[in-house]
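Here are the chains, one letter per residue:
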Amino acid sequence: MARAALIVCLLMACAWSSHAVMFKLSPNTQKCLKEDIQANQLVMGEYEVSDVPGQIIDYIARDTKGHILSQKEHITKGKFSFMSEVYDAYEICFISKVPAHQRGIVQEVSLLTKKGVETKSYEGIGEASKLKPLEVDLKRLEDLSDSIVRDFVLMRKREEEMRDTNEKTNSRVLFFSIFSMCCLLGLATWQVLYLRRYFKAKKLIE
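- The protein chain carries the name Transmembrane emp24 domain-containing protein bai in UniProt, which gives Drosophila erecta as its organism.
- Recorded in UniProt under Function, the annotation for the protein chain is "Eca and bai are essential, though not redundant, for dorsoventral patterning of the embryo. Specifically required during early embryogenesis for the activity of maternal tkv, while the zygotic tkv is not affected (By similarity)."
- Listed in UniProt under the heading Sequence similarities, the comment for the protein chain reads: "Belongs to the EMP24/GP25L family."

This is the structure:
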């Protein structure tokens, strides 16, 4: 019973963390999938493209600065992997190329990506360490739990940074509002005094 519950929890965690998508790619267009990834994480993926004679699809993986991490042309089916250097938003783009003389056809692209602990081969770890199946499941669940905890810590850190930024922005807006009010009051006072002296000079008021 405990083993069954453990396996259910493990499958739920794996389903939550793995990413599998399928989409249609129109001729001479590109589609990109973007995700935030922590630093020093291994990213692995498998792709498959429906074959259309004469049409070409390339893929490229890069970060927000344009650094190319993985790239291949004329793809049909295969795998890729790269290591994230810093915490950033990484994207994987599929680019369709159709000759001008050919009428393009929509192609289907399927993509499965894994990152971090999802890329580990626990079967090999279990065989090397001579672990029992339940111990391998426990090791996998422990690693997934650690990964989730690290993600939550990172999310909390980003939330704190955003809160600090909002507080600083609110303080600056408040100071700017007070400064603007003081300027308006000073300008209004100067206008009243100026008009008072002007009317006195013209002997319109005493």
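What follows continues from the structure just given.
What to know about the overall build of the protein chain
Turning to step 1, where the next piece is worked out: Regarding its fold elements, the protein chain presents three helices and eight strands.
Turning to step 2, where the next piece is worked out: Beginning at the N terminus, the succession of helices and strands in the protein chain can be written as α-β-β-β-β-β-β-β-β-α-α.
Turning to step 3, where the next piece is worked out: Within the protein chain, buried positions represent 27% of all 206 residues.
Turning to step 4, where the next piece is worked out: Element-wise, carbon and sulfur atoms account for 60% of the exposed surface of the protein chain, whose accessible area totals about 14,800 Å².

What about the nonpolar core?
Turning to step 1, where the next piece is worked out: By size, the foremost hydrophobic cluster in this structure holds 17 residues, and its most contacted members are Tyr-47, Ile-57, Tyr-59, Ile-75, Phe-80, Phe-94 and Val-109.
Turning to step 2, where the next piece is worked out: Mapped onto this core, the elements with two or more residues apiece are strand S1 (19-25), strand S3 (42-49), strand S4 (56-62), strand S6 (77-83), strand S7 (88-97) and strand S8 (107-115).
Turning to step 3, where the next piece is worked out: The residues touching Phe-80, leaving out its near neighbours within four places in the chain, are Val-43, Met-44, Gly-45, Glu-46, Tyr-47, Tyr-59, Ser-70, Ile-92, Leu-111 and Thr-113.

Some remarks on the sheet that holds strand S2 (residues 30-37)
Turning to step 1, where the next piece is worked out: Strand order in the open sheet made by the four strands is S2-S7-S4-S5, with antiparallel pairing throughout. In the strand order of this sheet, the two ends are held by S2 and strand S5 (68-72), each with one partner. Taken over all neighbouring pairs, the strand axes of this sheet differ in orientation by 15° on average, direction set aside.
Turning to step 2, where the next piece is worked out: Bridge count between S4 and S7: seven bridges; the pairing is antiparallel. What sits directly across from Asp-58, in S7, is Ile-95.

Considering the state of the cysteines
Turning to step 1, where the next piece is worked out: Tallied over the full model, the rule gives one disulfide.
Turning to step 2, where the next piece is worked out: Through a disulfide, Cys-32 is tied to Cys-93; the S-S separation comes to 1.9 Å. Across the S-S bond of Cys-32 and Cys-93 the torsion is about 110°, and the bridge reads as right-handed. With Cys-32 in strand S2 and Cys-93 in strand S7, this residue pair connects regions lying 61 residues apart in the sequence.
Turning to step 3, where the next piece is worked out: A relative accessible area of 33% places Cys-32 in the partly exposed class.
Turning to step 4, where the next piece is worked out: Assessed through its relative accessible area of 0%, Cys-93 is described here as buried.
Turning to step 5, where the next piece is worked out: The thiol sulfur of Cys-182 is not disulfide-bonded, and the nearest other cysteine sulfur, from Cys-183, lies at 7.0 Å.
Turning to step 6, where the next piece is worked out: The class for Cys-183 is partly exposed, based on a relative accessible area of 39%.

Considerations on the pattern of salt bridges
Turning to step 1, where the next piece is worked out: Tallied over the entire structure, the rule returns six salt bridges.
Turning to step 2, where the next piece is worked out: A salt bridge links Lys-115 to Glu-35, with the nearest nitrogen and oxygen atoms 2.9 Å apart. Of this pair, Lys-115 sits in strand S8 while Glu-35 sits in strand S2, and the two are 80 residues apart along the sequence.
Turning to step 3, where the next piece is worked out: Note on Lys-115: relative accessible area 19%, which makes it buried.

A word on the packing of aromatic side chains
Turning to step 1, where the next piece is worked out: What the rule picks out here adds up to nine aromatic pairs.
Turning to step 2, where the next piece is worked out: The interplanar angle of 10° and the centroid separation of 6.5 Å between the aromatic rings of Phe-80 and Phe-82 together place this pair among those described as stacked. An identical accessibility class is assigned to Phe-80 and Phe-82; each is buried.
Turning to step 3, where the next piece is worked out: Taken together, the aromatic side chains of Phe-23, Tyr-47, Tyr-59, Phe-80, Phe-82, Tyr-90 and Phe-94 make up a single cluster linked through ring pairs.

About the criteria used
Residues numbered from 1 in each chain as written. Predicted model: local features only at pLDDT ≥ 70, side-chain atom pairs only at ≥ 80, totals over all residues. Heavy atoms only, no water. UniProt positions renumbered as here; feature names shortened; annotations may be inferred. Helix = DSSP H or I, 4+ residues; strand = E, 2+ residues; numbered from the N terminus. Buried < 20%, exposed > 50% of the residue type's maximum accessible area, 1.4 Å probe, protein only. Areas by Shrake-Rupley, 256 points an atom, 1.4 Å probe, with all protein chains shown as cover. Core = buried A, V, L, I, M, F, W, Y, C linked by side-chain atoms within 4.5 Å. Contact = heavy atoms within 4.5 Å. Pairing = 2+ DSSP bridges. Axes fitted to C-alpha atoms, helices over the stretch in contact; angles between N-to-C directions. Disulfide = S-S within 2.5 Å. Salt bridge = Lys/Arg side-chain N within 4 Å of Asp/Glu carboxyl O. Phe/Tyr/Trp six-rings, centres within 6.5 Å; stacked < 30°, edge-to-face > 60°.

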